[in-house]
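Topology and contacts: notes
Each chain, letter by letter, is given below.
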Amino acid sequence: GAGVSQSPSNKVTEKGKDVELRCDPISGHTALYWYRQSLGQGLEFLIYFQGNSAPDKSGLPSDRFSAERTGGSVSTLTIQRTQQEDSAVYLCASSFRRVQETQYFGPGTRLLVL
Amino acid sequence: AQSVTQLDSQVPVFEEAPVELRCNYSSSVSVYLFWYVQYPNQGLQLLLKYLSGSTLVKGINGFEAEFNKSQTSFHLRKPSVHISDTAEYFCAVSDRAAGNKLTFGGGTRVLVKP
């Protein structure tokens, strides 16, 4: 079946602009995660949605970062007033509800802030 | 907070030789352990996972890993590598008490030489 999809695959923006990154999880997966992969910081957890529960935002690096998940499916990660240090690959993953379930990752969105 | 250490950032290895990638984690509480592989310009793919039970876990593509609770290690091995195993490998842990978010190691880049 279809895997996790993310769009756009690449995004180039100017410092100070806002960007939106989209994630379509695997159908039926109730848990959705955002991670960031950068040269300096490696792979970092950003935010986690599970069903209708309040999201775990503990990994968001600043208040310029926010995310929402509409209808328990598609998620959008928004970065306001982008900075050069936001340049990274943003990865989305989804899984079934149970804690031990495997997370399936999308191909990522490569963000470059000039 | 969890931490995961991958002791080798790069591992060059000749084709058909064995390889071992080392991973140590910090937590002494119950955790789930994972190895993911990232091929060039692709997303993360699960190789194998340890949830409970037998400490020797077999995964895809001939990889296996051994969970050692006393040493808090989860080393990955393959007895004979192929050129196609050239990739970056990430060890990750999820803490049952902290939801399912993954904490990743810094990655080990494996370069298989002919």
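In case you missed it, the structure is sitting above this.
Residues numbered from 1 in each chain as written. Chains lettered and ligands numbered in written order. Predicted model: local features only at pLDDT ≥ 70, side-chain atom pairs only at ≥ 80, totals over all residues. Heavy atoms only, no water.

Here's the deal with the pattern of salt bridges
A full pass over the atoms with the stated rule returns 10 salt bridges over all chains. As a salt-bridge pair, Asp-56 of chain A and Lys-101 of chain B come within 3.2 Å of each other at their nearest N and O atoms. Within this pair, whereas Asp-56 of chain A is found in the loop between β5 (42-50) and β6 (65-69), its partner Lys-101 of chain B is found in the loop between β10 (87-95) and β11 (103-104), the two belonging to separate chains. Taking relative accessible area as the criterion, Asp-56 of chain A reaches 22% and is therefore assigned partly exposed. You can call Lys-101 of chain B partly exposed: its relative accessible area is 22%. Put simply, Arg-77 of chain B and Glu-20 of chain B hold a salt bridge, and the shortest N to O gap is 2.8 Å. (Salt bridge = Lys/Arg side-chain N within 4 Å of Asp/Glu carboxyl O. Helix = DSSP H or I, 4+ residues; strand = E, 2+ residues; numbered from the N terminus. Buried < 20%, exposed > 50% of the residue type's maximum accessible area, 1.4 Å probe, protein only.)

Describing the sheet that holds strand β3 (residues 19-24) of chain A
Residue and element names in this part refer to chain A. Spatially, four strands are ordered β1-β3-β7-β6 in an open sheet, and the strand pairing comes out antiparallel. At either end of the open sheet lies a strand with only one pairing partner, and these are β1 (5-7) and β6. Strand-to-strand twist across the sheet, computed as the mean angle between neighbouring axes with direction ignored, equals 15 degrees. (Pairing = 2+ DSSP bridges. Axes fitted to C-alpha atoms, helices over the stretch in contact; angles between N-to-C directions.)

Points about the interface of chain B and chain A
Each side of the interface is counted separately: chain B has 15 residues, and chain A has 20 residues. For the pair chain B and chain A, the summed buried area comes to about 1500 Å², and 55% of that belongs to carbon and sulfur atoms. Per-residue buried area on chain B facing chain A is highest for Leu-44, Asn-100 and Lys-101 of chain B; these three make up 37% of the total on that side. Breaking the side of chain B that touches chain A down by element, the ones donating at least two residues are β5 (31-38) and β6 (44-50) of chain B. Of the residues in the side of chain B that touches chain A, the class split is eight nonpolar, five polar and two charged. (Contact = heavy atoms within 4.5 Å. Buried area = accessible area lost by both parts, 1.4 Å probe. Nonpolar A, V, L, I, M, F, W, Y, C, P; charged D, E, K, R; others polar.)

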